[in-house]
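Topology and contacts: notes
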Amino acid sequence: MQEATDRPYHHGNLRHAIIETAMAMLHEEKGWQFTLREVARRAGVSHAAPYKHFSDKAALLAEMALRGFDRLHEAMSTAKPRGANSWRDEFLAVGRAYVRFGTLNPGLYRLMFSAEAGKAADVHLSERALAPLGVVIALLERGEAEGVLRKRDVRGRAAACWSQVHGITMLIMEGLFLPEKVGPNPLDAALLTLLEGLEN
């Protein structure tokens, strides 16, 4: 028993070990329906170890969700269109990157928008959670400055863009974005329809 108690100090970074273990568990069937005790056991640390950094499970889930927003921000920020780098190409590349992130990380993506990941205001109004939306706002502002888009309230437009890509992501994750129902290459078709509604 003494060995289990001492193990956390061998990790070097206990907080990181707890978070990474819990993040790996998101890929399993139960998702985030784990206990802190189970996370500690998987991480090879004492049952009390997670409480050194997280007051409860909700606090751990909130940090995991924020890490998801960090990763989503990186995916969107580094999305580069192939060939010509026009504003239109970049808009489509960022939209595709958002959907790709969610569909490749379904457990994490669901957690990011779950009420179980701490208080919604604390998580979603944090700088880290706002960063992906900031990519969209900056892109829309540049589109207006270049004369590609009509002058409109940028936040309203960003909300429309976010709502569309979030909805598409959820439909794909649930296996409901079927070509038989929405046609071939429905993601690009939907993004192009959104784009045409924004353009001059």
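Residues numbered from 1 in each chain as written. Predicted model: local features only at pLDDT ≥ 70, side-chain atom pairs only at ≥ 80, totals over all residues. Heavy atoms only, no water.

Further remarks concern the overall build of the chain. Within the chain, the secondary structure is distributed over 12 helices and zero strands. Counting from the amino terminus, the chain carries its helices and strands in the arrangement α-α-α-α-α-α-α-α-α-α-α-α. In terms of overall dimensions, the chain has a C-alpha envelope of 70 × 40 × 30 Å along the principal axes. The buried share among the 200 residues of the chain stands at 44%. Within the chain, counting contacts between residues at least 6 apart in sequence, those at least 24 apart form 70% of the total. When the accessible surface of the chain is split by element, carbon and sulfur atoms take 55% of a total near 11000 Å². (Helix = DSSP H or I, 4+ residues; strand = E, 2+ residues; numbered from the N terminus. Buried < 20%, exposed > 50% of the residue type's maximum accessible area, 1.4 Å probe, protein only. Contact = heavy atoms within 4.5 Å. Areas by Shrake-Rupley, 256 points an atom, 1.4 Å probe, with all protein chains shown as cover.)

Positive phi outside glycine occurs at N185, with the angle close to 50 degrees. Mapped onto the fold, N185 is located in the loop between α11 (179-182) and α12 (186-198).

For L171, the location among the structural elements is in helix α10 (residues 154-173). Given the relative accessible area of 35%, L171 is considered partly exposed. C-alpha of L171 to C-alpha of L192: the two residues are 21 residues apart in sequence and 18 Å apart in space. Residue contacts for L171: discarding those within four places in its chain leaves L176 and F177.

A few words on the pattern of salt bridges. Per the stated rule, a full pass over the model turns up 14 salt bridges. A salt bridge links E20 to R67; the nearest nitrogen and oxygen atoms lie 3.4 Å apart. In this pair, E20 is assigned in helix α3 (residues 14-25) and R67 in helix α5 (residues 57-77), connecting sequence segments 47 residues apart. Salt-bridge contacts for R110 lead to E174; the nearest nitrogen and oxygen are separated by 2.5 Å. Separated by 64 residues along the polypeptide, R110 in helix α7 (residues 106-112) and E174 in the loop between α10 and α11 bring together distant segments of the chain. (Salt bridge = Lys/Arg side-chain N within 4 Å of Asp/Glu carboxyl O.)

Attention shifts here to the confidence of the model for the chain. On average, residues of the chain score 90 in pLDDT, and 93% of them reach the 70 mark or higher. When mean pLDDT is compared element by element in the chain, helix α9 (residues 127-145) scores highest at 97, while helix α1 (residues 2-6) scores lowest at 41. Ignoring residues within four places in sequence, the model shows residues 1-9, a span with pLDDT below 50, making 10 contacts including any to other chains. (pLDDT = per-residue confidence, 0-100.)

Turning our attention to the packing of helix α6 (residues 87-104) against α9. At a minimum axis separation of 11 Å, α6 and α9 run at an interaxial angle of 165 degrees. Judged on the interaxial angle alone, α9 and α6 are roughly antiparallel. In the packing of α6 onto α9, the handedness of the crossing is left-handed. The segment α6 lies against α9, with W87, E90, F91 and V94 engaging V135, L139, L140, R142 and G143. Along the lines of polarity and charge, the residues of the contact of α6 with α9 split into six nonpolar, one polar and two charged. (Axes fitted to C-alpha atoms, helices over the stretch in contact; angles between N-to-C directions. Parallel < 35°, antiparallel > 145°, perpendicular 65-115°, else oblique. Left-handed = near helix turned anticlockwise from the far one by under 90°. Nonpolar A, V, L, I, M, F, W, Y, C, P; charged D, E, K, R; others polar.)

Below, the discussion takes up the nonpolar core. Soluble globular proteins tend to pack their nonpolar side chains together in the buried interior. Counting residues in hydrophobic clusters, the biggest one holds 61 residues, and the most contacted among them are I18, F34, L60, M64, F91 and L140. If we ignore the near neighbours within four places in the chain, the residues touching L60 are I18, I19, A22, F34, L36 and F54. (Core = buried A, V, L, I, M, F, W, Y, C linked by side-chain atoms within 4.5 Å.)

Let us now look at the packing of α10 against α12. Relative orientation of the contacting elements α10 and α12 amounts to 170 degrees, with a least axis distance of 11 Å. Considered as vectors, α10 and α12 are oriented roughly antiparallel to each other. Contacts from R157, C161, Q164, V165 and I168 of α10 reach α12 at L187, A190, L191, L194 and L198. Residues that form the contact of α10 with α12 fall into these classes: eight nonpolar, one polar and one charged.

A separate point is the packing of aromatic side chains. With the rule as written, the count across this model stands at five aromatic pairs. Ring geometry for F69 and F113: centres 5.6 Å apart, planes at 80 degrees, overall edge-to-face. Remark: F113 occurs in the loop between α7 and α8 (120-124) and F69 occurs in helix α5; sequence separation between them is 44 residues. Joined through ring pairs, the aromatic side chains of F69, Y98, Y109, F113 and W162 make up one cluster. Here the basic side chain of K57 rests over the ring of F34, its NZ or CZ set 5.1 Å away from the ring centre. (Phe/Tyr/Trp six-rings, centres within 6.5 Å; stacked < 30°, edge-to-face > 60°. Lys NZ or Arg CZ within 6 Å of the ring centre and 35° of its normal.)

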